Amino acid sequence: MAEVDVISFDFFDTLFIRPLCEPEDLFDLLGQQFSIKNFRQIRQEAQAEAFRRMIQAGRKEITLAEIYECFQPQSVPNRLLLQAEYELELALVQLNPELVASYNYALESKKTVIIVSDMYLPKSYFEAALRAQCYEPPLLFISADRNATKRDHGELFDHVVKELNVVPERILHIGDNQQSDIQQARKKGLHAFYYRDARRPQPLQGAPVAASIAHGLIRTTGRSFPKDSFEELGFLFGGPASVGFAAWLAEQAKADAVDHILFLARDGYGLTQIINHAVGDTLPPVHYFLGSRVAFWLAAMTEENFHQFLPDLLSGAIGLSPYELLERIGVPAPAPEVMAAVSLSDDSVITVDCMDRLCRFFYAWRGPILQVCRRNRQALFAYLGALGIRSGSRVALVDVGWNGTTQEAFEKAVRPMLALDVHGYYFCLADTANRIRRQASMQMKAMFSSATESVELVAQLYADRVAVELFFSAPHGTVIGWQLVEDQIVPVEDWGRAPVGQMQEAIAAIVSGTKAFAQSYGQQKKRLGLTVEPRDEAWPLINLVTTKKWKNSLLFSKLINFDAWGSSRNRDIVLHDYHAW
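Here the residue numbering is sequential within each chain, running from 1 through the sequence in written order. Restriction of local features to residues with pLDDT of at least 70 applies here, the model being predicted, together with a cutoff of 80 or more for giving and counting side-chain atom pairs; totals for whole chains, interfaces and linings are based on all residues. Derived side-chain values reflect all non-hydrogen atoms in the structure, with water molecules and hydrogen atoms excluded from consideration.

Some thoughts on the overall build of the chain
As a reminder, the rule being used: Secondary structure follows DSSP: runs of H or I at least 4 residues long count as helices, runs of E at least 2 residues long count as strands, and numbering of each begins at the N terminus. Note on exposure labels: buried denotes an accessible area under 20% of the residue type's maximum, exposed denotes more than 50%, and partly exposed covers the range between, all computed with a 1.4 Å probe on protein chains only. Should any heavy atoms of two residues lie within 4.5 Å, those residues are counted as being in contact. The accessible surface values rely on the Shrake-Rupley method and a 1.4 Å probe; as for residues, cover is taken only from the protein chains in view. His is not counted here, nor are the chain ends, while Lys and Arg score as positive and Asp and Glu score as negative. Working definition for charges: the position is that of NZ of Lys, CZ of Arg, CG of Asp or CD of Glu.
Tallying secondary structure elements over the chain gives 26 helices and 14 strands in all. Principal-axis analysis of the C-alpha atoms gives the chain an extent of 95 × 50 × 45 Å. Every one of the 581 residues in the chain was classed for burial, and the buried ones make up 55%. The long-range share in the chain, meaning contacts at least 24 apart out of those at least 6 apart in sequence, stands at 73%. Looking at the chain as shown, the accessible area adds up to about 24,800 Å², and 50% of this sits on carbon and sulfur atoms. The positive charge centre, built from 58 side chains, and the negative charge centre, built from 68, are 1 Å apart in the chain.

Some points on the pairing of strand 5 (residues 139-142)
Stated formally: In this description, strands pair whenever DSSP reports at least two bridges between them.
Inspection of the sheet shows strand 4 (residues 112-117) paired to strand 5 by four bridges, in the parallel sense. Among the inter-strand pairings, isoleucine 115 is bridged to a residue of strand 5, identified as leucine 140.

Things to note about the environment of leucine 107
Topologically, leucine 107 is positioned in helix 5 (residues 100-108). On the accessibility criterion, leucine 107 (35% relative accessible area) is partly exposed. Note: C-alpha distance between leucine 107 and isoleucine 7 (100 residues apart in sequence) is 9.2 Å. Apart from the residues within four sequence positions on either side, leucine 107 is in contact with Val113 and Tyr135.

What to know about the sheet that holds strand 12 (residues 443-448)
As a reminder, the rule being used: Note on definitions: angles span 0 to 180 degrees between N-to-C directions of axes, and those axes are lines fitted to C-alpha atoms, for helices only across the stretch in contact.
If you walk across this open sheet you meet the five strands as 9-8-10-11-12, and the pairing is parallel. Edge positions in the open sheet fall to strand 9 (286-289) and strand 12, since each of these has one partner strand only. Strand-to-strand twist across the sheet, computed as the mean angle between neighbouring axes with direction ignored, equals 25 degrees. As judged from the four bridges shared by strand 8 (residues 260-264) and strand 9, these two strands associate in the parallel manner. Opposite leucine 264, over in strand 9, you have phenylalanine 289 as the bridge partner.

So, the packing of aromatic side chains
Operational definition: Two rings belonging to Phe, Tyr or Trp (six-membered ring only in the last case) form a pair when the distance between their centres is within 6.5 Å. Interplanar angles under 30 degrees mark stacking, angles over 60 mark edge-to-face geometry, and anything in between is tilted. Charge-over-ring contacts are defined here by two conditions on Lys NZ or Arg CZ: a distance within 6 Å of the ring centre and an angle within 35 degrees of the ring normal.
Summed over all chains, the structure comprises 36 aromatic pairs. Ring plane angle 15 degrees and centroid distance 4.4 Å describe the contact between phenylalanine 289 and tyrosine 383, whose orientation is recorded as stacked. Here phenylalanine 289, found in strand 9, pairs with tyrosine 383, found in helix 18 (residues 366-386); they are 94 residues apart in sequence, far enough to count as distant. By the ring-pair criterion, three or more aromatic residues cluster together here, those being Phe11, Phe12, Phe16, Tyr86, Tyr125 and Phe126. For the cation-ring pair, arginine 465 lies above tyrosine 462, with the distance from its terminal atom to the ring centre recorded as 4.1 Å.

Details of the side chain of asparagine 96
Positionally, asparagine 96 belongs in the loop between strand 3 (94-95) and helix 5. Setting aside residues up to four positions removed in sequence, asparagine 96 forms contacts with Thr14, Leu15, Phe16, Ile17, Tyr195 and Arg223.

A closer look at the sheet that holds strand 7 (residues 191-194)
Taken together, five strands build an open sheet; the order of strands is 5-4-1-6-7 and the sheet is parallel. If you trace the sheet from one side to the other, it starts and ends with strand 5 and strand 7, each paired once. When strand polarity is set aside, the average angle formed by the axes of neighbouring strands in this sheet is 20 degrees. Pairing analysis gives four bridges linking strand 6 (residues 171-175) to strand 7, with the strands arranged parallel. Note that in strand 7 the partner of leucine 172 across the bridge is histidine 191. Those strands touched by helix 8 (residues 155-164) are strand 1 (6-9), strand 4, strand 5 and strand 6, and its axis lies near 155 degrees from that of strand 4.

Functional significance is not addressed by these values, which are geometric in nature.
Quick look at the structure:
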């Protein structure tokens, strides 16, 4: 740039960006706006016909007006469609953050700066787009106005050389198209720089247009996060899923007239961070509720029903050490010699053969266990009261999924204390016997379930549920109970018994990316006046999981011991292995 006199920028996908996976996804937005089915195909066919007429007339380029002259009659007049496309192109296009410094350098260095673009849009469009970014338009060489292109024979560069009266060797052209911006420029004697956008997302075949907008934002506001980072994962997948889920929750909460929404820890942490960006202040009181199925199990346990909860307390015990079963419910273990006396020493590993001995041990040690249960029950009652939840309140519990276990535990725990009308809202409910059993007596709804999706899709999500859960986690331990300390509710957390490596930092980074996406996407929707189905917004995460693409990610492979309940000092579990436990 320092060695030439003229610096030329290509416009689309170089100096300016449409935050879409593919430029023609814009046609889907138009079709959605006017409720015209197959609008993308209609628009493509009209453009092809405009090119045919152009060639027949011996011209070199088409215009937007000529494209709409080729439209078959629609339910909306062609002039309105043309104007809507023009306005949508202006609303979408944004300055490329990666080239801002280069463009400013060119302007400040007093070089001659020009824009050269193959495009059917008129010169007035480019002027408006530049002024919207507070730039006075430079000299513009637009193919639709000049009846010449870069792509075919590079004739648009001839216009540049002639009009500026400069030798080609004193011109540098910067563009993203290997054929029109690089090869043709060099054939005409210009210098050319091939700009490649490393953040340009791959086309999403069969995806709803909302997914294109969601993924496309990585090219603009998402560039602040390092490529191939946990923040980027949150931006690309956690953000869209959380925004879609939040929008769905708002619909359900309104329909059910709930009084309070409890976003359960840890699944609801990121959702509470983005809820205002996603749905504004349209919800009833929202609380990030520090509780889990373990905490609710313990709050529900009494001397009378202790035996009913034993299968829950012993679930996932195979491979753990006996004392770890007590650690994960926050109960102190007896002295090692006491454990050894019943053949449950610290260094033993639980097998199927140990289960009878474990049951007898838990009965013998139920005094300390029930002491923790009483503490949790007292704290839970105080916790609900502090949130203004009373008998008769309509309460929504928000959980990722999958079987309603936590909701059932919550209802068992609070039923003796408060008569609540409980509604369970889930990202996905699986087709398991336990879920079917619970749904017969509990109010449960899901954004994704076999009631609205294929059985196969739901089965795929459930099989790889750990990948979904990662995007709805929190950078703190599992809350397994509470303590009342000077009338304050203090959560008791369990990080598990095995090292978690960079898990806390990874989840915090995912949440950061999720929040950034929600803010950016909310602004984009408002600017474009979009109304999007919540399911469509969540599509990027659904695709990542059901296509197994997440298993190819090196980032996922770095994470170990995600689930505190099943973790043990005896082993490490990588994320890919959780379906086996």
